[in-house]
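What follows is each chain in one-letter form.
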Amino acid sequence: MTVPAHREKAHVLTLDSIRGIAAVTVVIHHVILMPTFLAAFPNHAWIDCAFFRSGGFLVDLFFVLSGMVMSLSYLQTDFGRFSLRDFMVRRFARVYPLHIVMLLVLLLFRLVRIGLGLAVAGAVVSSPAAFEVNNGYSFFLNIFLLHSLGFVQYLNWNAPSWSISVEFYTYLVFGLLLLAAQRLNSLAWFYFAAATLAIGSWFVLTTVVATPQLDVQFDWGLLRCFTSFFLGVLTVRAVRALPRDISPALQGAVQFAVVAAAVTHVSLTEAYPWISYLAPVTFAVLLGSLLAFPGAALVPAMLTIKPLLWLGQRSYSIYMVHAFVVLLAEYFVKALGARPIAALDSICPGLATTLNVTIVVAAVLVLSNLTYRYVELPGGRVLRRAVGRTPGFSSSQAAPSARPSN
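All of these numbers come straight from a predicted model, not from anything done at the bench.

**A look at the overall build of the protein chain**
Scanning the protein chain from terminus to terminus reveals 16 helices and two strands. Put simply, of all contacts in the protein chain between residues at least 6 apart along the chain, 81% involve residues at least 24 apart.

In structure tokens:
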């Protein structure tokens, strides 16, 4: 009898919510630091603070979380039944539909912009500088998710998708390592390889690349992803060794302290950029505590309210559509001019900027809900049917009864 090589696991709801919070934080980070907005608005938004100004580092939290999810799904119970082909089909179907749709949307936007001769609301507006790198070559790279593997030295098209590019090929490396470990019948070998990749990538980033902070993207972004992703894999293994006889109150205190430490860590990277290299470890501890203590007091209850779960479900869409919304907002603000902004700020300094942030975030949430329902979910189903042999997972050649060695 064929044994499915993968069965969907129940979501860890707190981890879903954290993903949603991180996605919104990245959106706010980009809005408050966008050069167009900084030039147009004389006052800072009311929520402009060190945490949001450094919120871009939460991309590393996404990588850690992704490694944890892959570990929970493919290492904890399904080892010995792994199919690399089916794994990559599922990963491709998860990330590609929305990626290609947003790429085509931005292509259409560029064509419309050229056709209109840059005329918007009677005012000629210049395009953001990054828009000019959206050329045929970078479009081709985007089609094959190669645009952040060092083939170009700039962000292009849907800029946040740089992380999708490196994460997709990290999935491939994860799958190849797991396939090898399965053939060797040794999970210990897999964890050794994962630790080697995480530590080795971090060492290269800190000693060879050695940028002032962990902000590599289109050049060394793959190593950045390796560091956090495989740290996430190792985190799940470490959680298994934690004691379970800790009182809910103590578990809650630990989680609250870790949450505070993570927020503090991100906030301090503005003043001390070098500590961004330690952010993946802080994120791993945070996410590991949520995984280890789902019944703890306070934090899990806070993270499982419906609005946060809603954000968590749409986190990928939030992340992938927000650059387009910000781009539209840039053109709108330029066309609006300085007079309405000054009028709003005369009521209360920072009101115009805060309204801009609020409207952009709200628009992102509305659009992400649409793309989640009409692109992510149906697109994934269509691709799994079109590319995969079956919607489910077939068995691999390894015997299902084989047990990994310690």
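**Examining the layout of surface pockets**
Reported here for the second largest pocket is a volume of approximately 920 Å³. In terms of lining residues, the second largest pocket is bounded by 39 residues, among which His30, Met34, Leu155, Ala159 and Pro160 are the most central. Contributions of two or more residues to the lining of the second largest pocket are made by α1 (13-33), α2 (35-40) and α14 (315-336). Residue contributions to the lining of the second largest pocket peak at seven residues, all from α14.

**Digging into helix α10 (residues 248-268)**
Helix length check: α10, at 21 residues, gives a terminal C-alpha distance of 30 Å against a target of 30 Å (1.5 Å per residue), a fit within 8%. Those residues of α10 not exposed but buried are Gln251, Gly252, Gln255, Val258, Ala262, His265 and Val266. Seen along its axis, α10 keeps its buried residues to an arc of 155 degrees; they face one direction.

**Some points on the side chain of Asn134**
Here Asn134 shows up in the loop between β2 (123-124) and α6 (136-143). A residue is classified by how much of its surface remains accessible, and Asn134, at 5% relative accessible area, is buried. Of the polar contacts made by the side chain of Asn134, one reaches the backbone nitrogen of Trp157; its length is 2.5 Å. Beyond its immediate stretch of four places on either side in the chain, Asn134 contacts Arg110, Asn156 and Trp157.

**Things to note about the nonpolar core**
Grouped together as the largest cluster of nonpolar side chains are 112 residues, with contacts concentrated most on Leu75, Phe87, Phe174, Phe190, Phe230 and Leu287. Ignoring any residue separated from it by four or fewer positions in sequence, one finds Phe230 in contact with Thr170, Val173, Phe174, Leu177, Ala194, Leu197, Ala198 and Cys225.

**As for the environment of Pro349**
By secondary structure assignment, the location of Pro349 is in the loop between α15 (338-347) and α16 (351-387). Residues Pro349 and Asn43, spaced 306 residues apart in sequence, show a C-alpha to C-alpha distance of 6.3 Å. Once you skip the residues sitting within four places of it in the chain, Pro349 turns out to touch Asn43 and Trp46.

Quick notes on the rules
- Residues numbered from 1 in each chain as written.
- Predicted model: local features only at pLDDT ≥ 70, side-chain atom pairs only at ≥ 80, totals over all residues.
- Heavy atoms only, no water.
- Helix = DSSP H or I, 4+ residues; strand = E, 2+ residues; numbered from the N terminus.
- Contact = heavy atoms within 4.5 Å.
- 1 Å grid on protein atoms, 1.4 Å probe; cavity = no way out; pocket = protein on both sides within 12 Å on 5 of 7 lines; lining within 4 Å.
- Points joined across faces, edges and corners; volume = space filled by probe spheres on them.
- Expected span 1.5 Å × (residues − 1).
- Buried < 20%, exposed > 50% of the residue type's maximum accessible area, 1.4 Å probe, protein only.
- Arc of directions from axis to C-beta.
- Polar contact = N/O pair within 3.5 Å; in protein donor to acceptor, adjacent residues only side chain to side chain.
- Core = buried A, V, L, I, M, F, W, Y, C linked by side-chain atoms within 4.5 Å.

From the geometry alone we can't say anything about function, so treat these as descriptive.
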